[in-house]
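Inside the fold
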Amino acid sequence: MKFEGTDSYVATRDLTLAVNAAIALQRPLLIKGEPGTGKTLLAEEVARALNMPLFQWHVKSTTKAQQGLYEYDAVSRLRDSQLGDPRVHDIANYIVPGVLWQAFECDVPSVVLIDEIDKADIEFPNDLLRELDRMEFHCYELQKTLKAKHRPLIIITSNNEKELPDAFLRRCFFHYIKFPDKATMQRIVDVHFPALKHELLKEALEVFFDLREVPGLKKKPSTSELIDWLKLLLAEDIPPEVLRAKDSKDSIPPLHGALLKNEQDIHLFERLAFMARRKG
(Lines give C-alpha, C1' and ligand atoms only; values in the text may rest on other atoms or scores of the structure.)
Protein backbone atom coordinates (compact mmCIF):
# COMPACT_ATOMS: atom_id res chain seq x y z
CA MET A 1 0.00 0.00 0.00
CA LYS A 2 1.96 2.97 -1.31
CA PHE A 3 0.92 6.49 -2.28
CA GLU A 4 2.40 7.79 -5.53
CA GLY A 5 0.21 10.84 -6.14
CA THR A 6 -2.87 10.94 -8.37
CA ASP A 7 -3.88 12.25 -11.76
CA SER A 8 -5.44 15.29 -10.08
CA TYR A 9 -2.88 15.93 -7.33
CA VAL A 10 0.78 16.66 -8.06
CA ALA A 11 2.81 15.24 -5.17
CA THR A 12 6.55 15.80 -4.95
CA ARG A 13 8.83 12.87 -4.20
CA ASP A 14 9.43 14.21 -0.67
CA LEU A 15 5.70 14.32 0.00
CA THR A 16 5.03 10.79 -1.25
CA LEU A 17 7.95 9.55 0.87
CA ALA A 18 6.42 11.27 3.92
CA VAL A 19 3.00 9.70 3.37
CA ASN A 20 4.48 6.24 2.92
CA ALA A 21 6.77 6.69 5.94
CA ALA A 22 3.73 7.51 8.11
CA ILE A 23 1.99 4.37 6.80
CA ALA A 24 5.06 2.21 7.50
CA LEU A 25 5.62 3.66 10.98
CA GLN A 26 1.89 3.66 11.80
CA ARG A 27 2.20 7.21 13.08
CA PRO A 28 0.11 10.30 12.39
CA LEU A 29 1.41 12.43 9.52
CA LEU A 30 1.68 16.09 10.52
CA ILE A 31 1.60 18.38 7.48
CA LYS A 32 2.53 22.06 7.60
CA GLY A 33 2.88 24.62 4.84
CA GLU A 34 1.53 27.90 3.53
CA PRO A 35 -2.26 28.14 3.11
CA GLY A 36 -3.25 26.97 -0.35
CA THR A 37 -0.46 24.40 -0.79
CA GLY A 38 -2.84 21.42 -0.80
CA LYS A 39 -2.56 20.19 2.80
CA THR A 40 -6.25 19.39 3.23
CA LEU A 41 -6.58 18.04 -0.29
CA LEU A 42 -3.75 15.61 0.40
CA ALA A 43 -5.90 13.50 2.74
CA GLU A 44 -8.69 13.32 0.15
CA GLU A 45 -6.27 12.25 -2.58
CA VAL A 46 -4.49 9.68 -0.39
CA ALA A 47 -7.85 8.12 0.49
CA ARG A 48 -8.86 8.05 -3.18
CA ALA A 49 -5.53 6.64 -4.39
CA LEU A 50 -5.46 3.89 -1.75
CA ASN A 51 -9.21 3.21 -2.04
CA MET A 52 -9.80 3.90 1.66
CA PRO A 53 -12.77 5.61 3.36
CA LEU A 54 -12.09 9.18 4.50
CA PHE A 55 -13.29 10.65 7.79
CA GLN A 56 -12.83 14.42 8.08
CA TRP A 57 -12.61 16.45 11.28
CA HIS A 58 -12.35 20.18 10.56
CA VAL A 59 -11.14 21.85 13.76
CA LYS A 60 -12.45 25.23 14.94
CA SER A 61 -11.40 27.48 17.82
CA THR A 62 -14.21 26.00 19.96
CA THR A 63 -13.49 22.34 19.10
CA LYS A 64 -12.74 19.99 21.99
CA ALA A 65 -10.85 16.72 21.70
CA GLN A 66 -13.80 14.82 23.19
CA GLN A 67 -15.89 15.70 20.12
CA GLY A 68 -13.62 13.55 17.96
CA LEU A 69 -14.49 10.56 20.15
CA TYR A 70 -18.18 11.06 20.89
CA GLU A 71 -20.70 13.47 22.39
CA TYR A 72 -23.48 12.73 24.87
CA ASP A 73 -26.65 14.61 23.88
CA ALA A 74 -28.07 15.22 27.35
CA VAL A 75 -30.40 17.96 26.12
CA SER A 76 -32.22 15.64 23.72
CA ARG A 77 -32.53 12.98 26.42
CA LEU A 78 -34.04 15.48 28.85
CA ARG A 79 -36.52 16.66 26.22
CA ASP A 80 -37.51 13.09 25.34
CA SER A 81 -37.99 12.24 29.01
CA GLN A 82 -40.35 15.19 29.40
CA LEU A 83 -42.31 13.95 26.36
CA GLY A 84 -42.43 10.39 27.66
CA ASP A 85 -40.40 8.99 24.77
CA PRO A 86 -39.38 5.35 25.49
CA ARG A 87 -35.98 5.98 23.84
CA VAL A 88 -34.78 7.58 27.09
CA HIS A 89 -34.36 4.15 28.68
CA ASP A 90 -31.38 3.40 26.42
CA ILE A 91 -28.62 5.95 26.81
CA ALA A 92 -27.00 4.66 23.61
CA ASN A 93 -29.67 6.58 21.69
CA TYR A 94 -28.03 9.81 22.83
CA ILE A 95 -24.41 8.98 22.12
CA VAL A 96 -23.23 10.74 18.93
CA PRO A 97 -20.10 9.04 17.51
CA GLY A 98 -17.26 11.36 16.51
CA VAL A 99 -14.83 11.03 13.63
CA LEU A 100 -12.37 8.78 15.53
CA TRP A 101 -15.20 6.51 16.76
CA GLN A 102 -16.40 6.09 13.15
CA ALA A 103 -12.87 5.36 11.92
CA PHE A 104 -12.19 2.90 14.77
CA GLU A 105 -15.38 0.97 13.94
CA CYS A 106 -14.73 0.94 10.19
CA ASP A 107 -14.43 -2.58 8.79
CA VAL A 108 -11.55 -1.60 6.50
CA PRO A 109 -8.46 0.63 6.99
CA SER A 110 -9.37 4.30 6.61
CA VAL A 111 -7.88 7.78 6.44
CA VAL A 112 -8.66 10.35 9.15
CA LEU A 113 -8.11 14.04 8.45
CA ILE A 114 -7.69 16.31 11.49
CA ASP A 115 -7.67 19.62 9.68
CA GLU A 116 -6.03 22.80 11.08
CA ILE A 117 -5.31 21.38 14.52
CA ASP A 118 -3.59 24.62 15.53
CA LYS A 119 -6.94 26.46 15.53
CA ALA A 120 -8.02 24.72 18.72
CA ASP A 121 -6.99 25.29 22.32
CA ILE A 122 -3.35 24.51 23.13
CA GLU A 123 -4.43 21.46 25.19
CA PHE A 124 -6.33 19.92 22.27
CA PRO A 125 -3.38 17.93 20.83
CA ASN A 126 -2.34 16.63 24.26
CA ASP A 127 -5.90 15.51 24.97
CA LEU A 128 -5.67 13.16 21.97
CA LEU A 129 -2.28 11.60 22.79
CA ARG A 130 -3.60 8.48 24.51
CA GLU A 131 -6.25 7.75 21.88
CA LEU A 132 -3.85 8.22 18.96
CA ASP A 133 -1.21 6.07 20.67
CA ARG A 134 -3.36 3.18 21.83
CA MET A 135 -6.05 3.37 19.15
CA GLU A 136 -8.75 2.97 21.78
CA PHE A 137 -10.88 5.03 24.15
CA HIS A 138 -13.45 4.47 26.88
CA CYS A 139 -17.08 5.57 26.62
CA TYR A 140 -18.09 6.20 30.24
CA GLU A 141 -21.81 6.51 29.52
CA LEU A 142 -21.93 3.05 27.89
CA GLN A 143 -19.21 1.64 30.14
CA LYS A 144 -17.31 0.11 27.24
CA THR A 145 -13.96 0.54 25.56
CA LEU A 146 -13.83 1.00 21.82
CA LYS A 147 -10.74 -0.36 20.06
CA ALA A 148 -9.85 0.31 16.44
CA LYS A 149 -10.57 -2.65 14.17
CA HIS A 150 -7.85 -1.28 11.87
CA ARG A 151 -5.33 1.45 12.64
CA PRO A 152 -6.34 4.41 10.43
CA LEU A 153 -3.84 6.60 8.60
CA ILE A 154 -4.17 9.90 10.43
CA ILE A 155 -3.24 13.07 8.53
CA ILE A 156 -3.05 16.24 10.60
CA THR A 157 -2.69 19.70 9.07
CA SER A 158 -1.44 22.89 10.70
CA ASN A 159 -1.02 26.47 9.49
CA ASN A 160 1.48 27.23 12.27
CA GLU A 161 -0.92 29.57 14.09
CA LYS A 162 0.17 27.99 17.39
CA GLU A 163 3.13 25.93 18.51
CA LEU A 164 2.18 22.29 19.04
CA PRO A 165 3.28 20.49 22.25
CA ASP A 166 6.56 18.54 22.13
CA ALA A 167 4.88 15.37 23.41
CA PHE A 168 2.47 15.50 20.48
CA LEU A 169 5.20 16.25 17.92
CA ARG A 170 7.23 13.23 19.10
CA ARG A 171 4.38 10.94 18.07
CA CYS A 172 4.07 12.31 14.53
CA PHE A 173 5.97 11.99 11.29
CA PHE A 174 6.45 15.58 10.13
CA HIS A 175 6.52 17.05 6.63
CA TYR A 176 6.57 20.68 5.51
CA ILE A 177 5.10 21.28 2.05
CA LYS A 178 7.39 23.80 0.41
CA PHE A 179 5.83 26.34 -1.90
CA PRO A 180 6.06 24.89 -5.43
CA ASP A 181 8.85 26.08 -7.70
CA LYS A 182 8.00 27.12 -11.28
CA ALA A 183 8.42 23.63 -12.73
CA THR A 184 6.20 22.02 -10.10
CA MET A 185 3.67 24.84 -10.41
CA GLN A 186 3.53 24.27 -14.16
CA ARG A 187 2.68 20.60 -13.52
CA ILE A 188 -0.06 21.64 -11.07
CA VAL A 189 -1.54 24.10 -13.57
CA ASP A 190 -1.41 21.44 -16.32
CA VAL A 191 -3.68 19.24 -14.19
CA HIS A 192 -6.29 22.01 -13.96
CA PHE A 193 -5.85 23.50 -17.45
CA PRO A 194 -4.42 20.85 -19.78
CA ALA A 195 -5.20 22.94 -22.88
CA LEU A 196 -3.76 26.22 -21.59
CA LYS A 197 -1.51 27.88 -24.17
CA HIS A 198 2.16 27.79 -23.24
CA GLU A 199 2.70 31.53 -23.82
CA LEU A 200 -0.13 32.54 -21.48
CA LEU A 201 1.06 30.14 -18.78
CA LYS A 202 4.65 31.36 -19.09
CA GLU A 203 3.68 35.03 -18.71
CA ALA A 204 1.15 34.33 -15.95
CA LEU A 205 3.74 32.41 -13.92
CA GLU A 206 6.24 35.26 -14.37
CA VAL A 207 3.71 37.77 -13.02
CA PHE A 208 2.66 35.43 -10.20
CA PHE A 209 6.16 34.67 -8.92
CA ASP A 210 7.24 38.32 -9.31
CA LEU A 211 4.24 39.30 -7.22
CA ARG A 212 5.18 36.82 -4.48
CA GLU A 213 8.63 38.42 -4.32
CA VAL A 214 7.29 41.93 -3.65
CA PRO A 215 8.78 42.90 -0.26
CA GLY A 216 6.31 43.73 2.48
CA LEU A 217 3.29 41.81 1.18
CA LYS A 218 0.95 40.94 4.04
CA LYS A 219 -0.39 37.86 2.25
CA LYS A 220 1.45 36.25 -0.63
CA PRO A 221 -0.83 34.72 -3.28
CA SER A 222 -1.12 30.94 -3.03
CA THR A 223 -1.46 28.09 -5.50
CA SER A 224 -5.25 28.05 -5.23
CA GLU A 225 -5.34 31.79 -5.96
CA LEU A 226 -3.16 31.30 -9.03
CA ILE A 227 -5.65 28.71 -10.30
CA ASP A 228 -8.53 31.17 -9.76
CA TRP A 229 -6.60 33.93 -11.56
CA LEU A 230 -5.85 31.72 -14.57
CA LYS A 231 -9.51 30.75 -14.73
CA LEU A 232 -10.42 34.44 -14.91
CA LEU A 233 -7.74 35.20 -17.50
CA LEU A 234 -9.22 32.50 -19.70
CA ALA A 235 -12.82 33.59 -19.06
CA GLU A 236 -11.97 37.21 -20.00
CA ASP A 237 -9.76 36.07 -22.89
CA ILE A 238 -6.78 38.12 -21.66
CA PRO A 239 -3.95 37.65 -24.20
CA PRO A 240 -0.36 36.94 -23.13
CA GLU A 241 0.69 40.29 -24.61
CA VAL A 242 -1.18 42.14 -21.85
CA LEU A 243 0.87 40.34 -19.20
CA ARG A 244 4.08 40.72 -21.19
CA ALA A 245 3.63 44.41 -22.04
CA LYS A 246 6.58 46.67 -21.14
CA ASP A 247 4.60 48.67 -18.61
CA SER A 248 3.00 45.55 -17.01
CA LYS A 249 5.94 45.33 -14.60
CA ASP A 250 5.13 48.83 -13.43
CA SER A 251 1.39 48.31 -12.97
CA ILE A 252 -0.99 46.14 -11.02
CA PRO A 253 -1.89 42.84 -12.79
CA PRO A 254 -5.27 42.52 -14.53
CA LEU A 255 -7.97 40.87 -12.37
CA HIS A 256 -5.64 41.28 -9.37
CA GLY A 257 -8.52 40.67 -6.95
CA ALA A 258 -7.90 36.95 -7.38
CA LEU A 259 -4.28 37.34 -6.19
CA LEU A 260 -4.22 40.24 -3.71
CA LYS A 261 -6.69 39.80 -0.87
CA ASN A 262 -6.39 42.94 1.25
CA GLU A 263 -6.23 46.67 0.65
CA GLN A 264 -2.79 47.08 2.27
CA ASP A 265 -1.18 44.81 -0.33
CA ILE A 266 -2.99 46.57 -3.19
CA HIS A 267 -1.86 50.00 -1.92
CA LEU A 268 1.69 48.68 -1.46
CA PHE A 269 1.78 47.33 -5.00
CA GLU A 270 0.34 50.58 -6.41
CA ARG A 271 2.99 52.64 -4.56
CA LEU A 272 5.80 50.42 -5.83
CA ALA A 273 4.41 50.59 -9.37
CA PHE A 274 4.16 54.38 -9.16
CA MET A 275 7.76 54.65 -7.95
CA ALA A 276 8.93 52.31 -10.73
CA ARG A 277 7.18 54.43 -13.38
CA ARG A 278 8.79 57.61 -12.01
CA LYS A 279 12.22 56.02 -12.15
CA GLY A 280 11.50 54.88 -15.68
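Because the structure is predicted, anything quoted here is derived from the model rather than measured. Within every chain, residues take consecutive numbers counted from 1 along the sequence as written. With pLDDT at 70 or above as the cut-off, local features in this predicted model cover only qualifying residues; side-chain atom pairs require 80 or more to be listed or tallied, and sums for whole chains, interfaces and linings still use all residues. Computation of side-chain values covers all heavy atoms of the structure but excludes hydrogens and water.

**With respect to the pattern of salt bridges**
Note on definitions: salt bridges are taken to be side-chain nitrogens of Lys or Arg within 4 Å of carboxyl oxygens of Asp or Glu. This structure, assessed with the given rule, holds 13 salt bridges. Arg48 is the partner of Asp7 in a salt bridge, and the nearest nitrogen-oxygen pair spans 3.1 Å. Taken together, the residues Asp7 in the segment before helix H1 (13–25) and Arg48 in helix H2 (residues 39–49) connect sequence positions 41 residues apart. Burial classification: accessible surface area is computed with a 1.4 Å probe over protein chains only, and a residue below 20% of its type maximum counts as buried, one above 50% as exposed, and the rest as partly exposed. Given the relative accessible area of 64%, Asp7 is considered exposed. Overlapping salt bridges bring together Asp7, Glu45 and Arg48 as one network. Under the scheme used here, helices are H or I runs from DSSP no shorter than 4 residues and strands are E runs no shorter than 2 residues, and both carry numbers assigned from the N terminus.

**With respect to the layout of surface pockets**
A cavity here means a set of points on a 1 Å grid, drawn over the protein atoms and nothing else, where a 1.4 Å probe fits but cannot get out; a pocket is an open set with protein on both sides within 12 Å along at least five of seven lines, and a residue lines either one if it has an atom within 4 Å of a point. Grid points are joined across faces, edges and corners, and a volume is the space filled by probe spheres set on the points. When its volume is computed, the largest pocket comes out at roughly 680 Å³. Lining of the largest pocket is provided by 33 residues; of these, Tyr9, Thr37, Gly38, Ile177 and Ile188 occupy positions nearest its centre. Counting residues per element, the ones that place at least two in the lining of the largest pocket are H1, H2, strand E9 (173–177), helix H9 (182–192) and helix H11 (223–235). In terms of residue count, H9 provides more of the lining of the largest pocket than any other element does, four residues in total. Of the residues assigned to the lining of the largest pocket, the class counts are 13 nonpolar, 13 polar and seven charged. Following the grouping adopted for this structure description, the nonpolar residues are Ala, Val, Leu, Ile, Met, Phe, Trp, Tyr, Cys and Pro, the charged ones are Asp, Glu, Lys and Arg, and the polar ones are all others, Gly among them.

**Some thoughts on the packing of aromatic side chains**
Only centres within 6.5 Å qualify two rings of Phe, Tyr or Trp (six-membered ring in Trp) as a pair; their planes then separate them into stacked at under 30 degrees, edge-to-face at over 60, and tilted for everything else. Applying the stated rule across the entire model yields eight aromatic pairs. Pairing Tyr70 with Phe137 gives two aromatic rings, centres 6.2 Å apart and planes at 20°, and the pair type is stacked. Pair noted here: Tyr70 is in strand E3 (residues 70–72) and Phe137 is in strand E6 (residues 136–139), with a separation of 67 residues, a long-range link. As far as burial versus exposure is concerned, Tyr70 and Phe137 are alike and both buried. Here the aromatic rings of Phe104 and Phe137 are separated by 5.9 Å at their centres, their planes lie at 40°, and the arrangement is tilted. One end of the pair, Phe104, is in helix H5 (residues 99–105); the other, Phe137, is in strand E6, and 33 residues separate them in sequence. An aromatic cluster of at least three residues, connected via ring pairs, comprises Tyr70, Trp101, Phe104 and Phe137. Over the ring of Tyr94 we find Arg87, and its NZ or CZ is 5.3 Å from the ring centre. Throughout this description, the term charge over a ring refers to an Arg CZ or Lys NZ atom that lies within 6 Å of the ring centre and within 35 degrees of the ring normal. The ring of Phe179 has Arg212 lying over it, and the distance from NZ or CZ to the ring centre is 3.4 Å.

**Things to note about the side chain of Asp115**
You can see Asp115 is positioned in strand E5 (residues 111–115). For the buried Asp115, which has no salt bridge, the nearest side chain bearing the opposite charge is Lys39, at an N-O separation of 7.1 Å. Side chain to side chain, Asp115 and Thr157 meet in a polar contact 2.5 Å long. Those residues in contact with Asp115 that sit more than four places away from it in its chain are Thr40, Trp57, His58, Val59 and Thr157. We count Lys and Arg on the positive side and Asp and Glu on the negative side, and we leave His and both chain ends out. Nitrogen and oxygen atoms within 3.5 Å of one another constitute a polar contact, given that in protein one can donate a hydrogen and the other can accept it, and given that sequence-neighbouring residues count only through two side-chain atoms. In this description, contact between two residues means that some pair of their heavy atoms is separated by no more than 4.5 Å.

**Things to note about the sheet that holds strand E8 (residues 153–158)**
Within the open sheet, the five strands sit side by side as E2-E5-E8-E1-E9. Their pairing is parallel. For this open sheet the edge positions go to strand E2 (54–58) and E9, each flanked by a neighbour on one side alone. The sheet shows a mean angle of 20° between the axes of neighbouring strands, taken without regard to direction. One ladder, built from five bridges, connects E2 with E5; its direction is parallel. When the bridges of E5 are listed, Trp57 appears paired with Ile114. Axis lines are fitted through C-alpha atoms, for helices just across the contact stretch, and the angle between N-to-C directions can take any value from 0 to 180 degrees. Along the sheet, H1 makes contact with strand E1 (29–33), E8 and E9, crossing E9 at roughly 165°. Strands pair, by our definition, only if DSSP identifies at least two bridges between them.

**Let's talk about empty space enclosed by the protein**
Across all of its chains, the model carries one cavity of 30 Å³ or more by this definition. Considering only enclosed or pocket space, the largest cavity measures out at about 40 Å³ in volume. Lining of the largest cavity is provided by Pro28, Leu129, Leu132, Asp133, Phe168, Arg171 and Cys172. With three residues, helix H7 (residues 129–134) is the largest single contributor of residues to the lining of the largest cavity. A breakdown of the residues in the lining of the largest cavity according to their chemical character gives five nonpolar, no polar and two charged.

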